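Coordinate analysis (summary)
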Amino acid sequence: MYTLIDGKKTSAEIREEIRREVAEIRRQGGKAPHLAAILVGHDGASETYVAAKEKACREVGFDSTVIRLEEDVTQEELLDHVRHINEDPAVDGLIVQLPLPAHLDEQQVIETIRPEKDVDGFHPVNVGRMTIGLPAFISATPAGILELLRRYKVETGGKHCVVIGRSNIVGKPVSILLSRKEEPGNCTVTLCHSRTHDLTAFTRQADIIIAALGKARFLTGEMVKEGVTVIDVGITRVRSDKTRSGWKLYGDVDFETVAPKSRFITPVPGGVGPMTIVSLLRNTLLSAQKVIYP
Ligand code: GUN
């Protein structure tokens, strides 16, 4: 019988912990942590994410600011906003919602954010510090995955972890984090991707699988061994005539066939997804408390 890793419940618990910490800071006369977001244009998914972040900030007692810029903003104007917030002592964390319109240089924008305020953990300084085990802002999804493993006491030391997908925001950082000499961590990590030959040969050996490739129901029961722990990072909308909305969300894992062979497994939705925003809140609190960069 498997244990369902409930990201919805865990994220609610963490939000409550953060809310209490903020209340205590305020009680002692300190200021509320402040997260600023820059949103360029009117991409539907980005609007939804930013609205969810604002709501989460309100719920835990953070201040939040959203700077909305027109679709045709120039690179220099956008960088000026970033530089302005970099210098604003009232703001602890800054995120620029991605993706940006095609005419803007995303990497230059990320590298303009001061690492001390880069609560998304996308700046190369934070990625580099994370890689060599220095205190760093760790990006939201990998941090959320680690927190789930920690809270569900999933044993990771000495285990073989197979990561499927090598993206900069999930696969690559999570493979580095799980190989670190820390708990959770100390895994032997294999990073698999679209060019991997005989992927099943790897997944069938895995004690832990992180599926982050973005293909609905890709990982099936015959690809895993008994007792595996499965973290499903995928989220794909598939047309369905069985739901009122006409859409159904699927992870990268075929839950029906994989769950019966699992020790721990995350559902989609309600697994990794809800953890990402609380990781961002946690990073903003750490920034306000000057924990990462004293
Ligand atoms: N777009 C999708 N996810 C994210 C995220 O975590 N941070 C930012 N800045 N943009 C995103």
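Residues numbered from 1 in each chain as written. Predicted model: local features only at pLDDT ≥ 70, side-chain atom pairs only at ≥ 80, totals over all residues. Heavy atoms only, no water.

1. Let's talk about the overall build of the protein
Scanning the protein from terminus to terminus reveals 10 helices and 11 strands. For the protein, the C-alpha radius of gyration of 19 Å lies close to 19 Å, the compact-globule estimate for 294 residues. Its C-alpha atoms give the protein principal-axis dimensions of roughly 55 × 40 × 35 Å. In the protein, buried positions account for 48% of the 294 residues. Across the protein, contacts joining residues at least 24 apart in sequence account for 71% of those joining residues at least 6 apart. For the protein, the exposed surface amounts to about 14500 Å²; the carbon and sulfur share of it is 52%. (Helix = DSSP H or I, 4+ residues; strand = E, 2+ residues; numbered from the N terminus. Rg over C-alpha atoms; globule rule 2.2 N^0.38 Å. Buried < 20%, exposed > 50% of the residue type's maximum accessible area, 1.4 Å probe, protein only. Contact = heavy atoms within 4.5 Å. Areas by Shrake-Rupley, 256 points an atom, 1.4 Å probe, with all protein chains shown as cover.)

2. Some points on the site of the ligand
The environment of the ligand is made up of Tyr49, Val96, Gln97, Leu98, Asp120 and Phe122. At a separation of 2.6 Å, a nitrogen atom of the ligand approaches a polar side-chain atom of Asp120. Here the ligand, which alone exposes 280 Å², has 77% of that area covered by the protein. Taken together, the residues of the shell around the ligand break down into 4 nonpolar, 1 polar and 1 charged. (Near = heavy atom within 4 Å. Polar contact = N/O pair within 3.5 Å; in protein donor to acceptor, adjacent residues only side chain to side chain. Nonpolar A, V, L, I, M, F, W, Y, C, P; charged D, E, K, R; others polar.)

3. Side note on the packing of helix α6 (residues 140–151) against helix α7 (residues 171–179)
Contact geometry for α6 and α7: axes closest at 9 Å, N-to-C directions at 40°. For the element pair α6 / α7, the angle class is oblique. Here α6 and α7 pass one another in a crossing that is right-handed. Along the contact surface, α6 presents Pro142, Ile145, Leu146 and Leu149, while α7 presents Pro173, Val174, Leu177 and Leu178. Residues of the contact of α6 with α7, tallied by class, amount to 8 nonpolar, no polar and no charged. (Axes fitted to C-alpha atoms, helices over the stretch in contact; angles between N-to-C directions. Parallel < 35°, antiparallel > 145°, perpendicular 65-115°, else oblique. Left-handed = near helix turned anticlockwise from the far one by under 90°.)

4. A few points about unusual backbone geometry
Each neighbour pair has its own omega, and for Leu98 with Pro99 the value is 0°, a cis peptide bond. Within the secondary structure, Pro99 is located in the loop between β4 (93–96) and α4 (106–112). The peptide bond linking Glu183 to Pro184 adopts the cis configuration, its omega dihedral lying at -10°. Here Pro184 lies in the loop between α7 and β6 (188–192). Here the phi dihedral of Lys153 falls at roughly 50°; this positive angle occurs in a residue that is not glycine. Residue placement: Lys153 occurs in the loop between α6 and β5 (160–164). Of the residues examined, Lys153 reaches a relative accessible area of 71% and is grouped as exposed. Despite not being glycine, Asn186 has its phi angle at roughly 55°, a positive value. Within the fold, Asn186 resides in the loop between α7 and β6.

5. Considering the nonpolar core
Core analysis: the biggest nonpolar cluster contains 44 residues, and Ile18, Phe62, Ile145, Leu178, Ile210, Ile231 and Leu281 have the highest contact counts within it. The set of elements that each furnish at least two residues to this core consists of α1 (7–27), β2 (34–40), α2 (44–60), α6, β5, α7, β7 (208–211) and α10 (273–288). Looking at this core, the element that brings in the most residues is α10, giving 6 residues. Leaving out residues up to four positions away in the same chain, Leu178 has contacts with Leu146, Leu149, Cys161, Gly185, Asn186, Cys187, Val189 and Ile210. Residues Ala36, Leu104, Val109 and Ile113 belong to the second largest nonpolar core, which totals 17 residues. (Core = buried A, V, L, I, M, F, W, Y, C linked by side-chain atoms within 4.5 Å.)

6. Let's talk about the sheet that holds β6
Here 6 strands make up an open sheet; going across it, the order is β1-β11-β8-β7-β5-β6 and the pairing parallel. Strands with a single pairing partner mark the edges of an open sheet, and in this sheet they are β1 (3–4) and β6. Inspection of the sheet shows β5 paired to β7 by 4 bridges, in the parallel sense. Counted as the bridge partner of Cys161 is Ile208 from β7. Sheet strands touched by α7: β5, β6 and β7. Its angle to β6, the strand with the most contacts, is close to 170°. (Pairing = 2+ DSSP bridges.)

7. Observations concerning the packing of aromatic side chains
This model, assessed by the stated rule, comprises 2 aromatic pairs. Between Tyr2 and Phe255 the ring centres are 5.8 Å apart and the planes differ by 90°, which places this aromatic pair in the edge-to-face class. Residue Tyr2 is located in the segment before β1, and its partner Phe255 is located in helix α9 (residues 255–258); the two are separated by 253 residues in the primary sequence. By relative accessible area, Tyr2 is classed as partly exposed at 26%. Overall, Phe255 belongs to the partly exposed group, its relative accessible area being 23%. Centroid distance Phe137 to Tyr293: 6.0 Å. Interplanar angle 45°. Geometry classified as tilted. With a gap of 156 residues between them, Phe137 in the loop between α5 (124–131) and α6 and Tyr293 in the segment after α10 connect regions that are remote in the sequence. When sorted by exposure, Phe137 lands in the same class as Tyr293, which is buried. (Phe/Tyr/Trp six-rings, centres within 6.5 Å; stacked < 30°, edge-to-face > 60°.)

These results come straight from atomic positions and should not be treated as a statement about function.
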